[in-house]
Amino acid sequence: MKNNTIFKKITIAQNLKHFEIKDIFELGQLKLSSSQIKAYMAGPSNKNYEKLSDAHFEAFLNGLIIFSRGEKEAPEIIPRAIEHYILGLMQAGLSETLDEMTALIEDAKDGIVTGCDSE
């Protein structure tokens, strides 16, 4: 399977929007234009089709990992799996569970701010 095909299948399976794909490439240390991303998404018979190189595909995959779980050392974004879990709880109307999670987050913030340790 070609990189373009795998790339397209991943973006469809993950239900990624165009702006998210652009962000993912940037997380993978690669800044691409919208037209370049569209060229990678185009079919081989399209006049704008461009082959996705191994280096660009690797940047996308690395960015997708960061996009999905956050930075390993210092997370700045909510990992996508957690975001989807919370959205699922909201859609299911499980406000009690969301309240418990909120309380846990507040307790964790308090622990960070006060610098408490487990002695």
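Please refer to the structure placed before this passage.
Residues numbered from 1 in each chain as written. Predicted model: local features only at pLDDT ≥ 70, side-chain atom pairs only at ≥ 80, totals over all residues. Heavy atoms only, no water.

Can you walk me through the nonpolar core in this structure?
Side chains of a nonpolar character, in soluble globular proteins, are inclined to be buried together. In terms of nonpolar packing, the biggest core is built from 16 residues, with F7, L16, I21, F25, F60 and L64 touching the most fellow members. No other element matches helix 4 (residues 54-69), which puts five residues into this core. Those residues in contact with F7 that sit more than four places away from it in its chain are I21, F25, Y40, M41, L52, F57 and F60. (Core = buried A, V, L, I, M, F, W, Y, C linked by side-chain atoms within 4.5 Å. Buried < 20%, exposed > 50% of the residue type's maximum accessible area, 1.4 Å probe, protein only. Helix = DSSP H or I, 4+ residues; strand = E, 2+ residues; numbered from the N terminus. Contact = heavy atoms within 4.5 Å.)

It is not clear to me how the pattern of salt bridges should be interpreted in this structure. Could you clarify?
If the charged atoms of two oppositely charged side chains come close together, the side chains can form a pair. Following the criterion strictly, the structure yields one salt bridge and no others. Residues K31 and E26 are paired through a salt bridge, measuring 3.3 Å at the closest nitrogen-oxygen approach. By relative accessible area, which is 68% here, K31 ends up exposed. (Salt bridge = Lys/Arg side-chain N within 4 Å of Asp/Glu carboxyl O.)

How should the packing of helix 1 (residues 3-13) against helix 3 (residues 34-41) be read in this particular structure?
Pairs of packed helices are described in terms of their axes, by the angle between the two and the distance that separates them. At a closest axis distance of 8 Å, the pairing of helix 1 and helix 3 adopts a crossing angle of 105°. Judged by the inter-axis angle, helix 1 sits roughly perpendicular to helix 3. Of the residues in helix 3, those touching helix 1 at N4, F7, K8 and T11 are A39, Y40 and M41. (Axes fitted to C-alpha atoms, helices over the stretch in contact; angles between N-to-C directions. Parallel < 35°, antiparallel > 145°, perpendicular 65-115°, else oblique.)

Help me understand the environment of I37, please; the structure alone is not making it clear to me.
You can see I37 is positioned in helix 3. Once the C-alpha coordinates of I37 and K22 are considered, the two residues, 15 residues apart in sequence, prove to be 7.5 Å apart. Ignoring anything within four residues of it in the chain, the contact list for I37 reads H18, I21, K22, F25 and L32.

Help me understand the environment of K22, please; the structure alone is not making it clear to me.
Tracing the sequence through the fold places K22 in helix 2 (residues 18-27). Each C-alpha atom of the pair K22 and S34 lies 7.3 Å from the other, and the pair is twelve residues apart in sequence. Contacts of K22, omitting those with residues within four sequence positions, involve L32, S34 and I37.

Help me understand helix 4 in this model?
For an α-helix the count is 3.6 residues per turn, leaving residues at separations of three or four pointing the same way. Look at helix 4: 23 Å from first C-alpha to last across 16 residues, which is about the 22 Å you get at 1.5 Å a residue. Among the residues of helix 4, H56, F57, A59, F60, G63, L64, I66 and F67 are the ones counted as buried. (Expected span 1.5 Å × (residues − 1).)

Help me out: how do you make sense of the packing of helix 1 against helix 4 in this one?
For the pair helix 1 and helix 4, the least separation of the axes is 10 Å and the interaxial angle reads 20°. With respect to their mutual orientation, helix 1 and helix 4 come out roughly parallel. The handedness of the crossing between helix 1 and helix 4 is left-handed. Seen from helix 1, the contacting residues are N3, I6, F7, I10 and T11; seen from helix 4, they are D54, F57, F60, L61 and L64. Classifying every residue of the contact of helix 1 with helix 4 gives seven nonpolar, two polar and one charged. (Left-handed = near helix turned anticlockwise from the far one by under 90°. Nonpolar A, V, L, I, M, F, W, Y, C, P; charged D, E, K, R; others polar.)

Please explain helix 1 as it appears in this structure.
Among all positions of helix 1, only N3, N4, F7, I10 and T11 are buried. Projected onto a plane normal to the axis of helix 1, the buried residues spread over an arc of 130° and lie on a single side. The exposed residues of helix 1 that point more than 90 degrees off its buried face are K9, I12 and A13. The inward-facing, buried residues of helix 1 contact helix 2, helix 3 and helix 4. Downstream of helix 1 by a residue or two, N15 has a phi angle that is positive, lying close to 55°. (Arc of directions from axis to C-beta.)

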